[in-house]
Amino acid sequence: MKTPSYDWRCHSCGETNAAGTGRCTSCGFPAFAPGRKIVAAVRERESTDATAPVSATHASQDDLDWAFLFPEVIFAVAVILAFPFWFLSLLHEASYRSALALALLVSSGVGLGWWAWRIENKWVLYAGIVLVLLGAAVAI
Ligand SMILES: [Zn+2]
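On a predicted model such as this, the values are computed, not experimentally measured, just so you know. (Residues numbered from 1 in each chain as written. Predicted model: local features only at pLDDT ≥ 70, side-chain atom pairs only at ≥ 80, totals over all residues.)

A. Examining helix α4 (residues 96-119) more closely. With 24 residues, α4 should cover 34 Å at 1.5 Å per step; its first-to-last C-alpha distance of 34 Å lies within 8% of that length. The complete set of buried residues in α4 reads Leu102, Leu105, Val106, Gly109, Leu112 and Gly113. Against the buried residues of α4 lie α3 (72-92) and α5 (122-139). (Helix = DSSP H or I, 4+ residues; strand = E, 2+ residues; numbered from the N terminus. Expected span 1.5 Å × (residues − 1). Buried ≥ 20, exposed ≤ 12 C-beta atoms within 10 Å, placed from the backbone. Contact = placed C-beta atoms within 7 Å.)

Next up, the structure:
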């Protein structure tokens, strides 16, 4: 196992460990860990540290945070569902600029949304929704 040549602080519990130790003496967390493991360890520590009332507040705030996506997300889904027909009818009407703008904005919005899903970031998701709606606004 790789060991640091310097004193290091545990990512998981915050314990200071001597150089040459590969794992935390307090909790066993490795000195070198992938970023997502560190993030998971820190999150777990925060959730165990938090007292019950505080975590209850957190939960309700999380619900509120997601609620701000409505009703935009509904419009965005409607735009995405209508997109193929809308795109074709714009082409049919020879509105190539609108068709192109719609296609670009909707596809980048969907791309952002997919990425947001992977990194579980609601702000990125919101940006994706805004792009899709922008595409609709431009095409109307
Ligand atoms: Zn530790």
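Still to come is the rest of the account.
B. Focus on the environment of alanine 78. Relative to the assigned elements, alanine 78 resides in helix α3. Judged by the 13 C-beta atoms lying within 10 Å of it, alanine 78 falls in the partly exposed class. Note: C-alpha distance between alanine 78 and leucine 133 (55 residues apart in sequence) is 9.8 Å.

C. The nonpolar core, seen in detail. The biggest cluster of nonpolar side chains holds 13 residues, and the ones touching the most others in it are Val79, Leu102, Leu105, Val106 and Val132. Residue assignment for this core shows that the elements contributing at least two residues are α3, α4 and α5. For this core, the leading source of residues is α5, giving six residues. Contact partners of leucine 105, with chain neighbours within four places excluded, come to Leu131, Val132, Leu134, Gly135 and Val138. (Core = buried A, V, L, I, M, F, W, Y, C linked by C-beta atoms within 7 Å.)

D. The arrangement of α3 in detail. Across its 21 residues, α3 extends 28 Å between first and last C-alpha, which sits within 8% of the 30 Å expected from 1.5 Å per residue. The sharpest bend along α3 comes to roughly 55°, located at phenylalanine 83, with the proline proline 84 sitting one to four residues further on. Taken as a whole, α3 has its buried residues at Ala76, Val79 and Trp86. Here the buried face of α3 lies against α4 and α5. Phi for alanine 94, located one or two positions after α3, is positive at around 65°. (Bend = angle between axes of the 7 residues up to and from the residue.)

These figures capture arrangement, not role.
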